[in-house]
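Structural features, examined
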Amino acid sequence: MRLSNNKMGQRGVTLVELVIVLALVAIISTSVVLLCNSISAIVVSNQKQYYKIESLTLTREFVDKWFHNFDEKESIYECKNYKLVIINNGVEYTIRCVDENIEVDYPSDSLSPNKLVFKGIKDIKFENNDLNNRIYKCTILFVSDEEDIEYSFLISRRS
């Protein structure tokens, strides 16, 4: 008996080939899922680092702006118990940290806010770094779930 031409070249998929293809698909999909989980963990870690850096940077900018708001020759800058007190026209102005809020004193006619919320900021300290009372070291204590960070920077009077 002779086979016809159209049946001769056709062949079905064997069970072994099917198992190999399914195994390869399983390996590739597992690799993709593990890669996505790793990338997700990296993204979460980077978000936390970004949050810390952003909070510290905004705090520094705020402190710097407040510090230079009183930068006049008549203003007297003093450090008392690690708190900075600025005496301007006989009135004392200070900056302090209360319950993760940085509270500052401004003149009553100022449009600036007296309180800002910086989550994670636990304390702010000032030290005089100069005999002429021109340079001050500001240290911000930032507390997060993983670690406590002390961030220090110098600010100086312009006048």
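Refer to the structure above for everything that follows.
Read on for a plain summary of the structure. The structure displayed is predicted, hence computed values, not measured ones.

Criteria and cut-off values
- Throughout, residues of each chain are indexed from 1 in the direction in which the sequence is written.
- Local features in this predicted model are restricted to residues whose pLDDT is 70 or higher, and side-chain atom pairs enter the listing and the counts only when it is 80 or higher, whereas totals over whole chains, interfaces and linings include all residues.
- Only hydrogens and water are removed before side-chain values are computed, so all heavy atoms of the structure are retained for them.
- Only the six-membered ring of Trp is used, alongside the rings of Phe and Tyr, when aromatic pairs are assigned; centres must lie within 6.5 Å, and planes under 30 degrees apart are stacked while those over 60 apart are edge-to-face, with the rest tilted.
- Whether a charge sits over a ring comes down to the Lys NZ or Arg CZ being within 6 Å of the ring centre and within 35 degrees of the ring normal.
- Pairing between two strands is assigned when DSSP locates at least 2 bridges connecting them.
- Secondary structure is summarised from DSSP: a helix means a run of H or I of at least four residues, a strand means a run of E of at least two, and numbering begins at the N terminus for each.
- Three labels apply to residues, based on accessible area from a 1.4 Å probe with only protein chains included: buried if under 20% of the type maximum, exposed if over 50%, partly exposed otherwise in between.
- What makes two residues a contact is simply this: any of their non-hydrogen atoms within 4.5 Å.

What the rule picks out here adds up to 7 aromatic pairs. Aromatic pair Trp66 and Phe70: ring centres 5.7 Å apart, planes at 75°, arrangement edge-to-face. Positioned over the ring face of Tyr82 is Lys125, at 5.6 Å from the centre of the ring.

Note that strand E7 (residues 135-143) and strand E8 (residues 148-156) share 9 bridges and pair antiparallel. Looking at E8, one finds that Tyr136 is bridged to Ile155.

When you line up the elements, Glu147 lands in the loop between E7 and E8. With relative accessibility at 37%, the residue Glu147 sits in the partly exposed group. Beyond its immediate sequence surroundings of up to four residues, Glu147 is in contact with Lys52 and Phe142.

A few words on the side chain of Lys52. Turning to its location among the elements, Lys52 is positioned in helix H2 (residues 15-69). The exposure class of Lys52 is buried, given its relative accessible area of 5%. For Lys52, the contacting residues outside a window of four places in its chain are Phe142, Ser144, Glu146, Glu147 and Ile149.

Here we take up unusual backbone geometry. In this model, Tyr82 sits at a positive phi of 65°, which is unusual for a non-glycine residue. Note on placement: Tyr82 falls in the loop between strand E1 (76-80) and strand E2 (83-88). For Tyr82, a relative accessible area of 48% translates into the label partly exposed. Phi is positive for Asn89, close to 55°, though the residue is something other than glycine.

A few words now on the pairing of strand E3 (residues 91-98). The sheet contact formed by E2 and E3 spans 4 bridges and is antiparallel. From the neighbouring strand, Ile86 faces E3, where its bridge partner is Tyr93. Hairpin connection of E2 to E3: 2 residues between the antiparallel strands, including Asn89 at a positive phi of 55°. Across 4 bridges, the pairing between E3 and strand E4 (residues 101-104) is antiparallel. When the sheet's bridge partners are listed, Val98 is paired in E4 with Asn101. The antiparallel pairing of E3 with E4 creates a hairpin that spans 2 residues between the two strands, and Asp99 there sits at a positive phi of about 50°.

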